Amino acid sequence: MNDAVRESEIAAEQAYLDRVYTRLDQLRITAAEVEREGYSLAKVGNFGALVERDAMVYHAAKRRRALESEHDGLVFGRLDLGPDGRSGDGADAASADPVVPGGEVRYIGRLGLRDETYESLVVDWRAPAAAPFYRATPTDRMGVVRRRSIRSSNEKVISIEDDLLDPEAAPSEMAVIGDGALLANLSRATGTGMKDIVATIQREQDDAIRSPSLGVTIVRGGPGTGKTAVALHRAAYLLYADRNRYESGGVLVVGPSDVFVGYVSRVLPSLGEDTASLRSLGQLLEGVQGSRHEPPEVAAIKGSLRMQRVLSRAARGPVPDSPDRLRVLYRGELLVLERPALDDLRRTVLNLGVRRNAARAKAAGHVLDALWRQSVELLPSGRQQKREEFAPDIAERPEFVAFMRAWWPVLRPAQVLGWLTDRHRVSRWANGVLSNREIAVLAGAIHPDDPSVEDVALLDELQELLGDPPVRKRAARDPFQVAEGVREVTTYSDRMAAARAQAVERPTDYRDYAHIIVDESQDVSPMQWRMIGRRGPNATWTIVGDPAQAAWGDAAEADRAMDGAIGSRRRSAFTLTTNYRNSAEIFEVAARVIRAAQPDIELPTAVRSSHQKPVLTTVDAPDLEAATRAAAQTLLDQVEGTVGIITPTARRDEIAKWVDGIDERVQTVGALDSKGMEYDAVLVVEPAQIRDEAKTGFRTLYVALSRATQRLTTVGTAPF
Ligand SMILES: Nc1ncnc2c1ncn2[C@@H]1O[C@H](COP(=O)(O)OP(=O)(O)OP(=O)(O)O)[C@@H](O)[C@H]1O
């Protein structure tokens, strides 16, 4: 392909892009005008006009934000369709001359745009008319003759890459440029965050992204097969395909760690979606932040379904050190409730099915009942009172109020978790559930002021068991009050922000998402499945993972818990088979580790060769620190992008100090936190230790070794 042809094709696409950007500017101006017009409607003052104004301002502002955020790389694809691929009504055909006689040209982009005469300029990538861009293959062409990927930056076309799907239908003047878009895209360096793959989604990925939203979509695939990318693009697709349902109900994306959430957090905004909630497993419970991981033995206990029994007993038990008797002097008689009677009352109240914190008034009522019955037995009939008179009299006494506060206080989840620091209590609650060793380990691993990721699921379970205390109803919120406080709303942008916040506002502990996407699902422990399940009693689901990367030891127990969370909804399963991340040389090293444990495992195919062999080194223990620093420096010199240093989980902080300040392109993570991450170069420190850290350590090592796109080095004091 000569350069002149390439240049002239680029120039033609540039001319089209110029039209698109001119139109985009016009639309942005119009959207801003509509917002302003909406504001002026407020002056009319009647209620209907105000509602109309809100809707107008909200939609116009949303459209304007989309138009602004989708600016770069707005158009990334073009389809040249033959006569058999034309849409019947031509609604999606661009007003560009077809190269294929009788055919149609269609441009694909991050959002849909039409020109003044309502002709299509760009088709939204999620629209059915864009599907052939992702799904057409030489054997199933879907009417596509040539598929073109257009790469641009700052409104300038940089390169184009073509796939010719139907050579016979291509007229002789049709130019075909490049080696295909995918490989060109994969060879580029990684930035600090994940890129969206919207321009090069592959067919098997597209099947999962566009699968119907009903029920549960399960996506499996080995390292680097694009599971995370698929999960995020699916969130964007669902919001497009059924915006009413998913924007109002909400889409929750759950990832394994804070590092991971930081890594992928730009993808959805880059796709024009900022309404999905992205949370790590340590961030799911409002007001709690769990960042550190427990050592494997503790994680195995805290994640097990058996904790449900232990916590339920704790949450129903007597408050430690609470009074074990109530004494009230009434009309000269001493009324006394001893421990056994109080325990009976507590059980009776909890058996009513009301949660503990919501049952305080009921509990007080039962205690008063019991006291009153005693008074009736003890006092001569002339001095007895009716229940209605007796109760208020006693209920207001300071000793009764003080007793209730101590005997039935409002309990916070962290407080009840804190009770588990006492081994004797844990022995009682875990009797017949945990072994003696497990009891000792658990009691030694409770630090309520510094919750771990694993603790968050326990706190959430306790929150569910204890419930919220009854609250007084808050006055309805004034929609024109700005979120942070009582500020008079005067400016146009204040009004816009208020209207927008109202339209998508959800309580911070929202628990009824319309769709939940779980990434790295193989690592979700049973207790974490329960926590996630509570956020979507009516949700549809997308569950993405790779069993071969699982750190959770008891797969059957985790499956049971997952079944409990998603219920009996219909499931459809997809498998991804190509590893787009690793070079073939790097994946070979990772594959060797997993095959040693699971010889029959089916692994994805790595499509790219970097011709760079991984460097695997063994050093003496005293030299490890210097060798780590030297290897990190070499990798920094070799790649332009990020360098990940992956350590045994327990040694992360120690090893991070060795390379402190070396370069801001370096990120040091414990092996468990490397899940889902990707770096241009990876240095795995002490691989044998990562493998031996836990029963499932070989899987964690497999994860660590499959994080690099270009270079992999290992340094350790033992071979692996
Ligand atoms: N169709 C595609 N076009 C371009 N890049 C792709 C495509 N699919 C995946 N990739 C890239 O491959 C890399 C791996 O993708 P991703 O992280 O989603 O894989 P994964 O299956 O979640 O991996 P793991 O299980 O190892 O965490 C990412 O850099 C992603 O951008």
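Everything numeric here is computed off the predicted structure, so don't read it as measured data.

Novice: Account for unusual backbone geometry, naming residues and giving values.
Specialist: Backbone geometry at M142 places phi at a positive 55°, although glycine is not the residue there. Looking at the element boundaries, M142 is found in the loop between α3 (131-135) and β5 (144-153). Look at M142 and you get partly exposed, because its relative accessible area is 33%. With a phi angle near 50°, N154 is a residue other than glycine that sits in the positive phi range. By secondary structure assignment, the location of N154 is in the loop between β5 and β6 (156-164).

Novice: Explain the site of the ligand to me, using residue names and the numbers behind them.
Specialist: Near the ligand, the surroundings consist of 23 residues, among which T200, K227, R581, E678 and R707 are the closest. Note that a nitrogen atom of the ligand is positioned 2.6 Å from one of the side-chain N or O atoms of T200. One of the side-chain N or O atoms of Q549 is found 3.0 Å from an oxygen atom in the ligand. In the complex, the protein chains occlude 97% of the 630 Å² of accessible area that the ligand would expose alone. Elements with a contribution of two residues or more to the shell around the ligand: α4 (181-186), α6 (227-241) and β15 (578-583). Looking at side-chain class alone, the shell around the ligand contains eight nonpolar, 10 polar and five charged residues.

Novice: Hey, could you go over the UniProt feature "binding site: ATP" (unreviewed entry) in the protein for me, with residue numbers and the actual values?
Specialist: Under the feature "binding site: ATP" (unreviewed entry), the UniProt entry names G221, G222, P223, G224, T225, G226, K227 and T228. Tracing the backbone through its elements, the reader meets P223 in the loop between β7 (216-221) and α6. The class of P223 is buried, set by a relative accessible area of 0%. The residues touching P223, leaving out its near neighbours within four places in the chain, are D546, Q549, N579, R581, F587, P604, Y702, S706 and R707. Examined against the element boundaries, T228 turns out to sit in helix α6.

Novice: I'd love a proper account of the nonpolar core, names of residues and values included.
Specialist: If you look at the biggest cluster of nonpolar residues, it comprises 74 residues, and the most contacted ones within it are I108, W125, V251, V684 and L705. Per-element accounting of this core gives the leading share, nine residues, to α6. Setting aside its immediate chain neighbours within four residues, L705 contacts I586, V589, A590, V593, V684, L712, T714 and F720. W419, V426, L442 and V524 belong to the second largest nonpolar core, which has 56 residues in total.

Novice: Outline the side chain of E454, supporting the account with residue identities and numerical values.
Specialist: Along the chain, E454 turns up in helix α19 (residues 453-466). For the buried E454, no salt bridge exists, and the shortest N-O distance to an oppositely charged side chain is 6.5 Å, to R292.

Novice: I'd like a rundown of the packing of aromatic side chains, residues and numbers included.
Specialist: Going through the model one piece at a time under the given rule, you end up with nine aromatic pairs. Aromatic side chains W419 and W429 sit 6.3 Å apart centroid to centroid with 35° between the ring planes, which places their arrangement in the tilted category. A residue pair is termed long-range when its members are at least 10 positions apart, and W419 in helix α16 (residues 413-419) and W429 in helix α17 (residues 423-429) qualify at 10 residues. Each of the two residues, W419 as well as W429, counts as buried. Between F587 and Y702, the aromatic rings sit 6.4 Å apart at their centres with planes inclined by 45°, giving tilted as the arrangement.

Scoring rules and cut-offs
- Residues numbered from 1 in each chain as written.
- Predicted model: local features only at pLDDT ≥ 70, side-chain atom pairs only at ≥ 80, totals over all residues.
- Heavy atoms only, no water.
- Helix = DSSP H or I, 4+ residues; strand = E, 2+ residues; numbered from the N terminus.
- Buried < 20%, exposed > 50% of the residue type's maximum accessible area, 1.4 Å probe, protein only.
- Near = heavy atom within 4 Å.
- Polar contact = N/O pair within 3.5 Å; in protein donor to acceptor, adjacent residues only side chain to side chain.
- Areas by Shrake-Rupley, 256 points an atom, 1.4 Å probe, with all protein chains shown as cover.
- Nonpolar A, V, L, I, M, F, W, Y, C, P; charged D, E, K, R; others polar.
- UniProt positions renumbered as here; feature names shortened; annotations may be inferred.
- Contact = heavy atoms within 4.5 Å.
- Core = buried A, V, L, I, M, F, W, Y, C linked by side-chain atoms within 4.5 Å.
- Lys, Arg positive; Asp, Glu negative; His and termini not counted.
- Salt bridge = Lys/Arg side-chain N within 4 Å of Asp/Glu carboxyl O.
- Phe/Tyr/Trp six-rings, centres within 6.5 Å; stacked < 30°, edge-to-face > 60°.

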